Amino acid sequence: MGEYLLVRGGRPLEGAARVPAAKNSVLPLLAAALLCEGESFFTQVPRLADVQQSLVILSALGCEYQWRGRGLAVRRCAEAPGVLPEGPARAMRSSVFYLAPAIHRCGRVRMPMPGGCKLGPRPIDIHLDGLDKMGARVDWRGETLTVSAPWGLTGADYTLRLPSVGATETLLMAAVLAKGETVLRGAAMEPEVVDLAAFLQRCGARIEGAGSPMIRVQGVRELRGAVHTPIPDRIVAATLAAAAASAGGWVRIQNCQLEALAPTLEILRRAGCRVEPAANAVTVRRVGWLRGVGRVYTGVYPAFSTDAAPVVAAALLTAAGRSAVEDTVFENRFACAEGFNALGAKTARAGRALEIEGVRALGPARVEAKDLRGGAALVVAALAAQGETKVYGVEHIRRGYGDLAGTLANLGAQVRLCQE
Ligand code: UD1
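Each chain carries its own residue numbering, running from 1 in the direction its sequence is written. The model is predicted, so local features are restricted to residues of pLDDT at least 70 and side-chain atom pairs to those at 80 or more, both for listing and for counting; the totals for chains, interfaces and linings are taken over all residues. Hydrogen atoms and water are omitted, and side-chain values are computed over all heavy atoms in the structure.

**Here we look at the site of the ligand**
Phase 1 of the analysis: Taken together, 21 residues surround the ligand, and among them Asp125, Ile126, Ser164, Val165 and Gly166 come closest.
Phase 2 of the analysis: Here an oxygen atom of the ligand sits 2.9 Å away from a polar atom, N or O, in the side chain of Arg161.
Phase 3 of the analysis: Definition of a polar contact: a pair of N or O atoms within 3.5 Å, with one able to donate and the other able to accept a hydrogen when the atoms are protein atoms, and with sequence-neighbouring residues admitted only if both atoms are side-chain atoms. Separating an oxygen atom of the ligand from a backbone N or O atom of Gly166 is a distance of 2.8 Å.
Phase 4 of the analysis: Protein chains shield 90% of the accessible area of the ligand, which is 740 Å² for the free molecule.
Phase 5 of the analysis: Site definitions follow a grid-based scheme: protein atoms alone, a 1 Å grid, a 1.4 Å probe that fits but cannot get out for cavities, and for pockets an open set with protein on both sides within 12 Å along at least five of seven lines, plus lining residues having an atom within 4 Å of a point. Put plainly, a molecule is in a cavity or pocket when over half of its atoms are within 2 Å of the grid points there. Structurally, the ligand is housed in the largest pocket.
Phase 6 of the analysis: Each helix is a run of H or I in the DSSP string that is no shorter than four residues. Each strand is a run of E no shorter than two, and both are numbered from the N terminus. Within the residue set of the shell around the ligand, elements represented by two or more residues are α5 (125–133) and α6 (165–176).
Phase 7 of the analysis: For the shell around the ligand, the residue count by class is 9 nonpolar, 6 polar and 6 charged.
Phase 8 of the analysis: Domain limits in this description derive from either an automatic procedure or a database domain assignment. Shared between two domains, the shell around the ligand takes at least three residues from each, and those domains are domain 1 (3–19 + 232–419) and domain 2 (23–228). Put simply, a residue is near a molecule or strand once any heavy atom of it comes within 4 Å of that molecule or strand. Throughout, the Shrake-Rupley method with a 1.4 Å probe supplies accessible areas, and for residues the shown protein chains are the sole cover considered. The nonpolar class holds Ala, Val, Leu, Ile, Met, Phe, Trp, Tyr, Cys and Pro. Asp, Glu, Lys and Arg form the charged class, and all remaining residues, Gly among them, are polar.

**Some remarks on empty space enclosed by the protein**
Phase 1 of the analysis: Grid points are joined across faces, edges and corners, and a volume is the space filled by probe spheres set on the points. Across all of its chains, the model carries 3 cavities of 30 Å³ or more by this definition.
Phase 2 of the analysis: The volume enclosed by the largest cavity comes to roughly 50 Å³.
Phase 3 of the analysis: Lining the largest cavity are Arg234, Ile235, Ala238, Ala260, Pro263, Thr264, Ala303, Phe304, Ser305 and Ala308.
Phase 4 of the analysis: Of all elements in the fold, only α8 (234–247) and α9 (258–270) reach the threshold of two or more residues within the lining of the largest cavity.
Phase 5 of the analysis: In terms of residue class, the lining of the largest cavity is made up of 7 nonpolar, 2 polar and 1 charged.
Phase 6 of the analysis: Empty space within the second largest cavity amounts to approximately 40 Å³.

**Topic: the pattern of salt bridges**
Phase 1 of the analysis: Salt bridges are defined by distance alone: a side-chain nitrogen of Lys or Arg within 4 Å of a carboxyl oxygen of Asp or Glu. The final tally for this structure, using the stated rule, is 26 salt bridges.
Phase 2 of the analysis: Arg75 is the salt-bridge partner of Glu39, the closest N and O atoms lying 3.9 Å from each other. With Glu39 in strand β4 (residues 39–42) and Arg75 in strand β6 (residues 71–76), the pair connects residues that are 36 residues apart, well separated along the chain.
Phase 3 of the analysis: Classification of residues uses two cut-offs on accessible area relative to the type maximum, computed with a 1.4 Å probe and protein chains only: under 20% is buried, over 50% is exposed, and between them is partly exposed. Note on Glu39: relative accessible area 27%, which makes it partly exposed.
Phase 4 of the analysis: The network of salt bridges with common partners includes Glu39, Arg68 and Arg75.

**A closer look at the domain arrangement of the protein**
A common way to report how large an interface is uses the accessible area buried once the components associate.
Phase 1 of the analysis: As assigned here, the protein comprises domain 1 (3–19 + 232–419) and domain 2 (23–228).
Phase 2 of the analysis: For domain 1 and domain 2, the distance between their C-alpha centroids amounts to 31 Å.
Phase 3 of the analysis: Counting residues at the interface gives 20 residues for domain 1 and 19 residues for domain 2.
Phase 4 of the analysis: Once two parts are put together, the accessible area they lose, assessed with a 1.4 Å probe and summed over both, is termed the buried area. Summing the contributions of domain 1 and of domain 2, the shared interface buries around 1,600 Å²; its carbon and sulfur component is 54%.
Phase 5 of the analysis: Taken together, the connections running from domain 1 to domain 2 amount to 5 residue pairs in polar contact (both at pLDDT 80 or more).
Phase 6 of the analysis: Class assignment for the residues of the side of domain 1 that touches domain 2 results in 7 nonpolar, 4 polar and 9 charged. A contact between two residues is defined here by any heavy atoms of the two lying within 4.5 Å.

**Structural notes on the environment of Gly2**
Phase 1 of the analysis: Position of Gly2 relative to the elements: it lies in the segment before β1 (3–9).
Phase 2 of the analysis: Considering only alpha carbons, one finds Gly2 and Ala381, 379 residues apart in sequence, at a separation of 21 Å.
Phase 3 of the analysis: When neighbours within four sequence positions are excluded, Gly2 is seen to be in contact with Tyr392, Cys418, Gln419 and Glu420.

**With respect to α8**
Phase 1 of the analysis: Helix span, expected: 1.5 Å multiplied by one less than the number of residues in the helix. Between its first and last C-alpha, α8 extends 20 Å over 14 residues, near the 20 Å set by a 1.5 Å rise per residue.
Phase 2 of the analysis: At the N-terminal end of α8, a side-chain oxygen is found 2.9 Å from the backbone nitrogen of Ile235, two or three residues along, and the residue is Asp233.

**Considerations on the nonpolar core**
Phase 1 of the analysis: Nine residue types can take part in a nonpolar core, namely buried Ala, Val, Leu, Ile, Met, Phe, Trp, Tyr and Cys, and a core is a set of them joined through side-chain atoms within 4.5 Å. Ranked by size, the top nonpolar core spans 76 residues in total, and within it Ile253, Phe340, Leu383 and Leu408 carry the most contacts.
Phase 2 of the analysis: The greatest single-element share of this core, amounting to 11 residues, is contributed by α8.
Phase 3 of the analysis: Excluding residues that lie within four positions of it along the chain, Leu408 makes contacts with Ala243, Val379, Leu383, Ala413 and Val415.
Phase 4 of the analysis: Among the nonpolar cores identified, the runner-up in size contains 73 residues, and Cys63, Leu128, Leu153 and Val217 belong to it.

**Considerations on the packing of aromatic side chains**
Phase 1 of the analysis: Aromatic rings from Phe, Tyr and Trp, taking only the six-membered ring of Trp, are treated as a pair when their centres fall within 6.5 Å; an angle between ring planes under 30 degrees marks them as stacked, one over 60 as edge-to-face, and anything in between as tilted. This structure, assessed with the given rule, holds 2 aromatic pairs.
Phase 2 of the analysis: Ring centres of Tyr4 and Tyr392 lie 5.2 Å apart, and the angle between their planes is 45°; this geometry places the pair in the tilted category. Placement of the pair is Tyr4 in strand β1 and Tyr392 in strand β24 (residues 387–392), with a sequence separation of 388 residues. The residues Tyr4 and Tyr392 share a single accessibility class, namely buried.
Phase 3 of the analysis: With a centroid separation of 5.1 Å and an interplanar angle of 55°, the aromatic rings of Phe42 and Phe199 are classed as tilted. On the criterion of sequence distance, the pair formed by Phe42 in strand β4 and Phe199 in helix α7 (residues 191–202) is long-range, its members being 157 residues apart.
Phase 4 of the analysis: Using a relative accessible area of 1% as the deciding quantity, one classes Phe42 as buried.
Phase 5 of the analysis: The class of Phe199 is buried, set by a relative accessible area of 0%.
Phase 6 of the analysis: The criterion for a charge sitting over a ring is simple: Lys NZ or Arg CZ within 6 Å of the ring centre, and within 35 degrees of the ring normal. Cation over ring: Arg47 sits above Trp67, and NZ or CZ is 3.9 Å from the ring centre.

In structure tokens:
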């Protein structure tokens, strides 16, 4: 069955871990580099599977890249047809970020429907509808999408039908080089949108209101690449916090934006963890048993993040009493429930919610990650299970965590990557 993570649970964690740059910032930032003249340089880029896939797409679109230590330089240096390579485009949802940059650079773009975690239906209608309003022509032939705008995009006043993170980022990238003004209403307010806007501004874009529901952009003729440090990954930070809550002991999470992590920390505090914030860091400590937190809901930023829901749920499996985590964003967020129950947890999926009746102990099992965050959640749960758990489906986890096993092992957990 290939690779698996071997977790020997039951050991409390102890130590500090540094949070890497956010995957959900880095992926749109890499696409945005295609909009720029000259070199863009991103410091501290994690070597995730999705980053590697992005580099294949950038190469196909005429860019060169170079790793310099942990920094990544990207420069567009050749004309290329706007055709995304099939494999990477299908492997991740983030291939959709190349729509707007490729339209600006190549006049058109052809790609299959983007892939990614199977969290329920994930249409891209808002991305396409917004581009259509800006003058692009959208054409589906079977499974293949072609979007063209040979004479460029024009600014528009556009209301997103829901605050999609990805669509806000697509339309921001479309607007910065469009003719005239674009107003995006009902935009997503996630920190990763703000980070993308900050990079684009550094490159010469004129953007106001990123981080609010209304973003105003004055199109410019040209952007010049810049140096940028992406924000820390709030989902990796949430995973570390949940790991401390699940395993017991303590973890000092360094390099994190506390505001973005606040809803996760609040739930863990309510469950009985001690949360000790400091400048750009927080220590999460569990002494004794956790208690159930009742019903909590995810939502768009600044609410509790959908991506953090599975790892927080994992920490609540052994909390005394009941909890329920309801995801308002995706229909199938808790594919990890089967794995939780194989470990001895008592959970049931009810619509978009995962209902949890806390159990005293978890035991070892063979479990399989079905998606990225659910996979991390199985590892977090296994930290609390006495005995040896094998977590398969490592390829999902690798999409968002550079080295989850190594990070947890540095904190005293017994986790390692094995080959069968
Ligand atoms: C991004 C994040 C992902 C996170 C999600 C919600 C990246 C690379 N990924 O994904 O980790 O879980 O935000 O915070 O940043 N929708 C439509 N039509 C569209 C676009 C979205 O119906 O055109 C729906 C989706 O099906 C989903 C909801 O809107 O139910 C939210 O999706 P969206 O905010 O777009 O998430 P992503 O950008 O895909």
